[in-house]
Amino acid sequence: MIRTRFAPSPNGPLHLGHAYAALVAHDLARAQDGEFLLRIEDIDGERSRVEFVEEFFRDLEWLGLNWDGEARFQSKRLPGHAEAGERLKAMGLLYPCRCTRAEIAAAATAMGPDGPVYPGTCRHRPGTSESFDPEGAAWRLDVARALDLTGPLAWTDERAGPQRAAPEIFGDVVLLRKDLPASYHLAATLDDATEGITLVTRGMDLFPASHVHRLLQALLGLPVPVWHHHPLLIEPDGRKLAKRRGAPSLGDRRRAGEDGRAIVEALREGRFPAGISLSEGLHQAP
Ligand code: GLU
């Protein structure tokens, strides 16, 4: 049975771009009598707010996008994330790093999907285990070493077709943050497996992240889903909708008396508000 999820982070209100992401996940599941889950990605304690979570529930009900079962909270799974982190450490695949953003930017020689690629400063730090106190450090994945272990990996996006996994485009990603026993990559990959997600739907902006997630699945022995990276709603300047650039929140539209189901119906039919369009851009296979 197909199972999808919508996985918003409660660090701001939802806007039309989120409604589109939720409807893609909802409709793909419902079209095949599958399940549609809601996961609240709330591990970032500094930025997550419970008020936003309550708004998410109201917004989704108002849109008519009903999820199956109880909403799941990523923060409740942190012990499991930490345990997976320990397994990767025991495999010799993680190393501690205290480099600051500024140090990385100054030393980097390449750009990746999230900015400057980490130049590997701490990867082969001599005597790491004895003389380097890893408390308070972030832990990075030694991607080259991990790929040596797994060999070449492939994954499939329903729209873009077969992909060769290329996690190296990010450099050695952080898997355990300084302040958390997880990071987006580790938490999302583990939670998708725990929830039995068979089709991971999310925006094209997160397409590159799936290369890393595929590698983590191989290292941790997790099932491999299919992915569906959907187009993004963009503004006339080509940038995706964002609350900070004035996209009205769904909550404001709900309180103003608009019809949420009509908004979803318009999105389904490809009718967007003035100035908003769908960016069909697809990634090329590397
Ligand atoms: N929490 C992420 C976001 O709000 C989505 C993560 C995902 O779908 O994998 O952008």
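Everything numeric here is computed off the predicted structure, so don't read it as measured data.

Q: What is the right way to look at the site of the ligand in this model?
A: Within the structure, the ligand sits among Arg5, Ala7, Pro8, Ser9, Glu41, Tyr184, Arg202 and Leu206. Contacts to the ligand include Arg5, whose side-chain N or O atom sits 2.9 Å from an oxygen atom.

Q: It is not clear to me how the packing of helix H7 (residues 184-194) against helix H8 (residues 209-220) should be interpreted in this structure. Could you clarify?
A: The geometry of a pair of packed helices is captured by two quantities: the angle between their axes and the separation between those axes. At a closest axis distance of 9 Å, the pairing of H7 and H8 adopts a crossing angle of 60°. When the axis of H7 is compared with that of H8, the two are oblique. Crossing handedness for the pair H7 and H8: right-handed. Side by side, H7 and H8 meet where Tyr184, His185, Leu186, Ala188, Thr189 and Leu190 of the first sit next to Ala209, Val212, His213, Leu216, Gln217 and Leu220 of the second. Residue classes in the contact of H7 with H8 are distributed as eight nonpolar, four polar and no charged.

Q: Could you clarify how one ought to interpret helix H10 (residues 260-268) in this entry?
A: Side chains three or four residues apart in an α-helix point the same way, a direct result of the helix having 3.6 residues per turn. By the burial criterion, the buried members of H10 are Gly260, Ile263, Val264, Ala266 and Leu267. Here the buried residues of H10 occupy an arc of 160° about the axis, which is enough to place them on one side. Considering only its buried residues, H10 is in contact with helix H1 (16-31), helix H2 (50-63), strand E13 (232-234) and helix H9 (250-255). For H10, the capping residue at the N-terminal end is Asp259, with a side-chain oxygen 3.0 Å from the backbone nitrogen of Arg261.

Q: Before we go on, may I ask you to explain unusual backbone geometry in this structure?
A: Among all residues except glycine, the phi angle is most often negative; among peptide bonds, the trans geometry is most common. Of note, the phi angle at Asp33 is positive, near 55°, even though the residue is not glycine. You can see Asp33 is positioned in the loop between H1 and strand E2 (35-40). Among the residues examined, Asp33 registers a relative accessible area of 70% and is labelled exposed.

Q: Sorry if this is basic, but what is going on with the pattern of salt bridges here?
A: Pairing is possible between side chains that carry opposite charge, provided their charged atoms lie close to one another. With the rule as written, the count across this model stands at 25 salt bridges. In this structure, Asp252 and Arg255 form a salt bridge, with 3.3 Å as the shortest nitrogen-oxygen distance. Placement of both Asp252 and Arg255 in helix H9 is noted, with a separation of three residues, approximately one turn of the helix. With a relative accessible area of 53%, Arg255 lands in the exposed category. A salt bridge links Arg268 to Glu265; its shortest N-O distance comes to 2.9 Å. Of the two residues, Arg268 and Glu265 both sit in helix H10, three residues apart, roughly one turn of that helix. When its relative accessible area of 36% is taken as the criterion, Arg268 is described as partly exposed.

Criteria and cut-off values
- Residues numbered from 1 in each chain as written.
- Predicted model: local features only at pLDDT ≥ 70, side-chain atom pairs only at ≥ 80, totals over all residues.
- Heavy atoms only, no water.
- Near = heavy atom within 4 Å.
- Polar contact = N/O pair within 3.5 Å; in protein donor to acceptor, adjacent residues only side chain to side chain.
- Axes fitted to C-alpha atoms, helices over the stretch in contact; angles between N-to-C directions.
- Helix = DSSP H or I, 4+ residues; strand = E, 2+ residues; numbered from the N terminus.
- Parallel < 35°, antiparallel > 145°, perpendicular 65-115°, else oblique.
- Left-handed = near helix turned anticlockwise from the far one by under 90°.
- Contact = heavy atoms within 4.5 Å.
- Nonpolar A, V, L, I, M, F, W, Y, C, P; charged D, E, K, R; others polar.
- Buried < 20%, exposed > 50% of the residue type's maximum accessible area, 1.4 Å probe, protein only.
- Arc of directions from axis to C-beta.
- Salt bridge = Lys/Arg side-chain N within 4 Å of Asp/Glu carboxyl O.

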